[in-house]
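Analysis of the macromolecular model
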Amino acid sequence: MSDTRTASTFPPPVMEARRWIEGVEFPPHRPLLNVSQAAPVDPPPEPLRRAMAEIVMQDASAHLYGPVLGLPELRAEIAATWSRDYRGEVAPEQVAVTSGCNQAYCAAIAALCGEGAEVILPAPWYFNHRMWNDMAGVRTVPLDTGPALLPDPEEAAALITPATRAIVLVSPNNPGGVEYPAALLAAFRDLCRTHGLALILDETYRDFDSREGAAHDLFADPNWADVLVQLYSFSKAYRLTGHRVGAVTASVARIAQMERFLDTVTICPTSLGQKAALWGMQNLGDWLTGERTEIIARRRAMEASFARLEGQGWQLMGCGAYFGWIEHPFAETSDALAQRLVHEAGVLLLPGTMFTPEGSEAGRRQLRIAFANVDAGGIAELETRLAGLSAR
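Residues numbered from 1 in each chain as written. Predicted model: local features only at pLDDT ≥ 70, side-chain atom pairs only at ≥ 80, totals over all residues. Heavy atoms only, no water.

Basically, it comes down to this: UniProt positions are given in the numbering used here, feature names are shortened, and annotations may be inferred rather than shown by experiment.
In the nomenclature of an unreviewed UniProt entry, the protein chain is known as aspartate transaminase of Limimaricola litoreus. UniProt annotates the protein chain under Cofactor (unreviewed entry) with the comment "pyridoxal 5'-phosphate". The protein chain has a UniProt comment under Sequence similarities (unreviewed entry) that states "Belongs to the class-I pyridoxal-phosphate-dependent aminotransferase family."

This is the structure:
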């Protein structure tokens, strides 16, 4: 009897890394610096929590099943916001609310791919995308992004086969941090359209893009729904991680396919989380602008720290949104180094081997730092600890 697909899929990387700190004592003068997970550790802002408390007590519908594709009010708000921000036309019926952005990806793959289909993923990739492909019986085709961490449409074109169904891009990128230029996204859109593929664009970190204005003009294309499937998460913007609210924007026909998947898996997204997301969209614009400003300041602190570490062989390859993607200077592999960092430096981060194909030499040399939960002082402390690490 063959193994199940879940049994043959690698363990969840963040959970795997957490096991490295079990039983390890961190002295008061050197507490653990946890830069492993890209998730806010603070609760939602107080005004949102107060609004949620009021909803819990006064709105009976917050405790009931809702529509499979999400609350109509939230779908309409997302459509209006995307239409405004991207200078295009998005209709509410082209939006589905999901139980987090991971589920949005799963629903998209379920709608696009049959058994044995192929999906092109730039590497390093977001590990949960690879994990779901494996569990869904979809073959992941790696697209190397090189030292600039930017995928090349011509190289992607060479990987397309009759089994290819989609190309997946994440911008700002997890794990690399890079912000994909609008022209690059347009080139991938054109490539996918030429070959009859879907372009899945994960914009979980769109709220922390350092560029002013729209990051792309894909929605300005009047025929965007023929090719584009956009994913989004409310977890980062409004710190609603535990309430699991995401969204997918696509053609009405593809949304109808996803509805079957979503109804089967969760019936509906959490009603309280959706109402909180709607309140946040309508009331927390200024607060979110401040959050973006702070994340961009931390990015600058990361860039300054690694400029000083370059003399010791550290290299910051990509930086943006919540992430820094770095190359380390040691002979050991990144997974061995990541575990050594726990004991010798009190730092928990993820090795590049968790984001790259098996046997990838680049993955052995690289690491991901998620800096959203360490301020400028914490980043300076991280620099000190990395600078003090000795070679083996």
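Looking at the nonpolar core
A general tendency of soluble globular proteins is for nonpolar side chains to be buried together. This is how the line gets drawn: Here, the term nonpolar core denotes a set of buried Ala, Val, Leu, Ile, Met, Phe, Trp, Tyr and Cys residues that are joined through side-chain atoms within 4.5 Å. For each residue, the accessible area found with a 1.4 Å probe, counting protein chains only, is set against the maximum for its type, and the residue is called buried under 20%, exposed over 50%, and partly exposed in between. By definition in these notes, contact holds between two residues if any of their heavy atoms fall within 4.5 Å.
Core analysis: the biggest nonpolar cluster contains 87 residues, and Leu74, Ile78, Ile167, Phe188, Phe234, Tyr238 and Ile369 have the highest contact counts within it. Look past the residues within four positions of Ile167 in its chain and what remains in contact with it is Ile120, Ala156, Phe188, Leu191, Cys192, Leu197, Ala198, Leu199 and Ile200. Ranked by size, the runner-up nonpolar core spans 30 residues in total, among them Val138, Val229, Ala250 and Leu262.

Section: the sheet that holds strand β5 (residues 164-170)
Using the following cut-off: When DSSP finds two or more bridges between two strands, those strands count as paired. Labels follow the DSSP assignment, with helices taken as runs of H or I lasting at least four residues and strands as runs of E lasting at least two, numbered in each case from the N terminus. Between N-to-C directions, angles cover 0 to 180 degrees, with each direction set by a line fitted to C-alpha atoms, over the stretch in contact for helices.
Ordered by their spatial adjacency, 7 strands build an open sheet running β2-β8-β7-β6-β5-β3-β4, and the pairing between neighbours is mixed. Taken across any chain shown, the strands that pair with only one partner, and hence form the sheet edges, are β2 (95-98) and β4 (139-144). Strand after strand, the sheet turns through a mean of 25° between neighbouring axes, direction not considered. Examined bridge by bridge, strand β7 (residues 228-233) and strand β8 (residues 246-249) share 4 bridges and lie antiparallel to one another.

Quick word on the packing of helix α4 (residues 72-86) against helix α10 (residues 271-283)
We count it as follows: In this scheme the handedness of a crossing depends on how the near helix is turned from the far one: anticlockwise by less than a right angle means left-handed, clockwise means right-handed.
Remark: α4 packs on α10, axes separated minimally by 9 Å, with the N-to-C direction vectors making an angle of 35°. Of the two possible hands of crossing, α4 and α10 adopt the one that is left-handed. Contacts between α4 and α10 involve Glu73, Leu74, Glu77, Ile78 and Thr81 from the first element and Gln274, Ala277, Leu278, Met281 and Gln282 from the second.

Describing the side chain of Arg368
Operational definition: Residues scored as charged are limited to Lys and Arg (positive) and Asp and Glu (negative), so that His and the chain ends carry no count. Put simply, a salt bridge is a Lys or Arg side-chain nitrogen that is within 4 Å of an Asp or Glu carboxyl oxygen. Here a polar contact is taken to be a pair of N or O atoms separated by no more than 3.5 Å, where protein atoms must pair a possible hydrogen donor with a possible acceptor and residues adjacent in sequence count only if both atoms sit in side chains.
Mapping Arg368 onto the fold places it in strand β13 (residues 366-370). Within the buried core, Arg368 has no salt-bridge partner, and the shortest N-O distance to an opposite charge, that of Asp202, equals 11 Å. Reaching out from Arg368, the side chain makes a polar contact with the backbone oxygen of Ser36 at a distance of 2.7 Å. Not counting the four nearest positions on each side in its chain, Arg368 is found in contact with Val35, Ser36, Gln37, Ala38, Asn174, Pro175, Phe323, Gly324, Trp325, Leu349, Leu350 and Phe355.

Remarks on empty space enclosed by the protein
We count it as follows: A pocket here means an open set of points on a 1 Å grid, computed over the protein atoms alone, that has protein on both sides within 12 Å along at least five of seven lines. A cavity is instead a set of points where a 1.4 Å probe fits but cannot get out; residues with an atom within 4 Å of a point line either one. Grid points are joined across faces, edges and corners, and a volume is the space filled by probe spheres set on the points. When residues are grouped by polarity, Ala, Val, Leu, Ile, Met, Phe, Trp, Tyr, Cys and Pro land in nonpolar, Asp, Glu, Lys and Arg in charged, and all others, Gly among them, in polar.
Applying the stated criterion across every chain yields a total of 1 cavity of 30 Å³ or more. Space inside the largest cavity adds up to approximately 70 Å³. Around the largest cavity, the lining residues are Leu121, Pro122, Pro124, Trp125, Tyr126, His129, Val168, Leu169, Val170, Asn173, Asn174 and Tyr180. Of all elements in the fold, only β3 (118-123) and β5 reach the threshold of two or more residues within the lining of the largest cavity. The element contributing the most residues to the lining of the largest cavity is β5, with 3 residues. Tallied by class, the residues present in the lining of the largest cavity amount to 9 nonpolar, 3 polar and no charged.

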